[in-house]
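A structural walkthrough
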Amino acid sequence: MSEARAGVLDAVRRALGRSEVEIEATIDRSYDRQLPSGVDPVAMFVERCGEYRATMVRVAAGDLDDAVRRELTAANARVVVHPHDVFEAASWRPSSEVELVADGPAGRIDVEALDRCDAVVTGCALAVAETGTIVLDTGAGQGRRALTLVPDRHFCLVRTDQVVGSVAEALERLDPTRPLTWISGPSATSDIELERVEGVHGPRHLTVLVYDP
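Residues numbered from 1 in each chain as written. Predicted model: local features only at pLDDT ≥ 70, side-chain atom pairs only at ≥ 80, totals over all residues. Heavy atoms only, no water.

1. Remarks on the overall build of the protein chain
- Within the protein chain, the regular secondary structure consists of 5 helices and 12 strands.
- Relative to the 2.2 N^0.38 estimate, which gives 17 Å for 213 residues, the radius of gyration of the protein chain is 22 Å and therefore markedly larger than a compact globule would have.
- Taken over the C-alpha atoms alone, the protein chain extends approximately 75 × 45 × 40 Å along its principal axes.
- For the protein chain, buried positions account for 39% of its 213 residues.
- Considering only contacts within the protein chain whose residues lie at least 6 apart along the sequence, 68% involve residues at least 24 apart.
- Only carbon and sulfur atoms are counted for the fraction: they give 48% of the accessible area of the protein chain, which is about 12,300 Å².
- In the protein chain, the 23 positive side-chain charges and the 35 negative ones have mean positions that sit 2 Å from each other. (Helix = DSSP H or I, 4+ residues; strand = E, 2+ residues; numbered from the N terminus. Rg over C-alpha atoms; globule rule 2.2 N^0.38 Å. Buried < 20%, exposed > 50% of the residue type's maximum accessible area, 1.4 Å probe, protein only. Contact = heavy atoms within 4.5 Å. Areas by Shrake-Rupley, 256 points an atom, 1.4 Å probe, with all protein chains shown as cover. Lys, Arg positive; Asp, Glu negative; His and termini not counted. Charge placed at Lys NZ, Arg CZ, Asp CG, Glu CD.)

Dropping the structure here:
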């Protein structure tokens, strides 16, 4: 214990007239951990995440490659970075004019090169329906954190079986020792006059493709 902390606790004890400070706290954990019966978590996630100004794309089974290709083409992305293990990149490459850059253990691109990328395509750890939030933990198909912070556009692939109802459910499934990034829509902030500014500490554009495994 640091001397400063010990001094604060001693001051609290003197103020209370006690030699020891006993702290008793009961945490109420009776809150709802799951969505009400009959609520579709995938539909709720699509709705809630879209409210954050993210572009939501619901993809039919087997159409993921075509959907990614269409979205990259619509965004006019010319240089696209992706984790080396997201999935077979050649299958969703829009055209030969688009440069795909794989980032992984065999070779990491530097920040300057990453800044020249128009977009990044990644998977995710899971998604939360109740809050419309995507969670990344640098696991398979997600890459390192810098990949989703520097490029202006983030295309995130979310499987329907990765969508959980609540934050409580998410925390039960996540490893707290991993670096967790919680994303609710494009990067945005507001100044003192509540003027919304996007792209301050991450991508200005977020496109979420929700697909069946």
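Moving on from the coordinates now.
2. Re the sheet that holds strand β5 (residues 126-128)
- Overall, mixed pairing links the 4 strands, which are arranged β8-β5-β6-β9 in an open sheet. The sheet is open, and its two borders are formed by β8 (163-164) and β9 (181-183), each paired with just one other strand.
- Sheet topology places β5 next to strand β6 (residues 133-136); 3 bridges connect them, and they run antiparallel. Residue pairing in the sheet places L126 in a bridge with V135 of β6. (Pairing = 2+ DSSP bridges.)

3. Some thoughts on the layout of surface pockets
- Size it by volume and the largest pocket reaches roughly 210 Å³.
- Around the largest pocket, the lining comprises 16 residues; the ones closest to its centre are I183, G185, P186, S187 and P203.
- Broken down by secondary-structure element, the contributors of at least two residues to the lining of the largest pocket are β9 and β12 (205-211).
- Counting residues per element, the lining of the largest pocket draws most heavily on β9, which supplies 3 residues. (1 Å grid on protein atoms, 1.4 Å probe; cavity = no way out; pocket = protein on both sides within 12 Å on 5 of 7 lines; lining within 4 Å. Points joined across faces, edges and corners; volume = space filled by probe spheres on them.)

4. Focus on empty space enclosed by the protein
- Here the structure, examined in full by the defined rule, presents 1 cavity of 30 Å³ or more.
- Taken as a whole, the largest cavity encloses approximately 40 Å³ of empty space.
- Along its surface, the largest cavity is lined by L136, T138, Q142, G143, R144, R145, T148 and T181.
- The residue makeup of the lining of the largest cavity, split by class, is 1 nonpolar, 5 polar and 2 charged. (Nonpolar A, V, L, I, M, F, W, Y, C, P; charged D, E, K, R; others polar.)

5. Quick notes on a nonpolar patch on the surface
- On the surface, V8, V12 and L16 cluster together to form a nonpolar patch covering roughly 240 Å² of accessible area.
- Among the secondary structure elements, V8 is positioned in helix α1 (residues 3-16).
- Residue class for V8 comes out exposed when judged on its relative accessible area of 53%. (Patch = residues over 30% accessible without salt bridge, like charges linked within 9 Å, V, L, I, M, F, W, Y side chains within 5 Å. Salt bridge = Lys/Arg side-chain N within 4 Å of Asp/Glu carboxyl O.)

6. What about unusual backbone geometry?
- The backbone phi angle of R53 is positive, close to 75°, even though this residue is not glycine.
- You can see R53 is positioned in the loop between α2 (41-51) and β1 (55-59).
- Residue R53 is classed as exposed on the basis of its relative accessible area, which comes to 55%.
- At T138, a residue that is not glycine, the phi angle is positive and equals roughly 65°.
- Structurally, T138 is set in the loop between β6 and β7 (153-159).

7. Let's talk about the confidence of the model for the protein chain
- A residue-level look at the protein chain finds 92% of positions with pLDDT of 70 or above and a mean pLDDT of 87.
- When mean pLDDT is taken per element in the protein chain, β6 scores highest with 98 and strand β11 (residues 196-198) scores lowest with 70. (pLDDT = per-residue confidence, 0-100.)

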